[in-house]
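As a plain string of letters, each chain reads:
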Amino acid sequence: ATLIIGSNKKNLVILTKTMMMIGTTLAFIGICQYGDIAFTSIPGNYTVCATMAHKNLFASALFLTSPFILYGVFRFPGYWRGISQTSLALVTFGIMISETRSVWIATILSAMILFFFRNRLFSKDHAMSNFKNREKAWVKKIGIAAFCIILIAALSHISDLKHSVLVIRHSIFSPDSLNER
């Protein structure tokens, strides 16, 4: 299948556009569920699950469509580039509202890897000319890596804090605690 799709550029474009539209549709359904606008009758274990029945599967599906969307952002001309950018925004928001830490970590690590190797992927000249530029680049990369680690820790803490607040709120406003008063 890979040889057939990769043998013709037209097939790759069709596959990319299809995966981009699938990711956009899933993200749109998830965002509508998050806002209680539509698609709330689709059965699932969490409020935001689109058609996947669980938020982890939903976020993983969105994450797996992101390389195709990024390809569209970087390679498509005209209005397809705008559609790709809109799709990227919707998929990113869908991943954020899914509250799936594993996909957040995967997204951050993918962004770091893309950042570290962007010179090799997107430029023809792989080597930097002088030592000072290399040193500045490594300091910047280490700073971004430290920021991402702090962001992961903060997201983990916020999720735990949100769970604690929900438990306290439930214990205060539960019918049993109101009967005791």
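If you're wondering where the values come from, they're calculated on a predicted model, not measured in any experiment.

K.L.:
Sorry if this is basic, but what is going on with the overall build of the chain here?
P.N.:
From N to C terminus, the chain includes eight helices and zero strands. Element order for the chain, N to C, with α for helix and β for strand: α-α-α-α-α-α-α-α. Out of the 181 residues in the chain, the part that is buried amounts to 24%. Nonlocal contacts in the chain, meaning residues at least 24 apart in sequence, comprise 55% of its contacts between residues at least 6 apart. Put simply, the chain shows about 12500 Å² of open surface, and 68% of that area lies on carbon and sulfur atoms.

K.L.:
I'm lost on the environment of Thr-107 in this one. Help?
P.N.:
Residue position: Thr-107 is located in helix α5 (residues 101-116). Taking relative accessible area as the criterion, Thr-107 reaches 32% and is therefore assigned partly exposed. Between the alpha carbons of Thr-107 and Ser-66 there is a distance of 9.3 Å; along the sequence they are 41 residues apart. The residues contacting Thr-107, other than those within four sequence positions of it, are Phe-63 and Ile-95. Separated by 2.8 Å, the side chain of Thr-107 and the backbone oxygen of Val-103 make a polar contact.

What counts as what
- Residues numbered from 1 in each chain as written.
- Predicted model: local features only at pLDDT ≥ 70, side-chain atom pairs only at ≥ 80, totals over all residues.
- Heavy atoms only, no water.
- Helix = DSSP H or I, 4+ residues; strand = E, 2+ residues; numbered from the N terminus.
- Buried < 20%, exposed > 50% of the residue type's maximum accessible area, 1.4 Å probe, protein only.
- Contact = heavy atoms within 4.5 Å.
- Areas by Shrake-Rupley, 256 points an atom, 1.4 Å probe, with all protein chains shown as cover.
- Polar contact = N/O pair within 3.5 Å; in protein donor to acceptor, adjacent residues only side chain to side chain.

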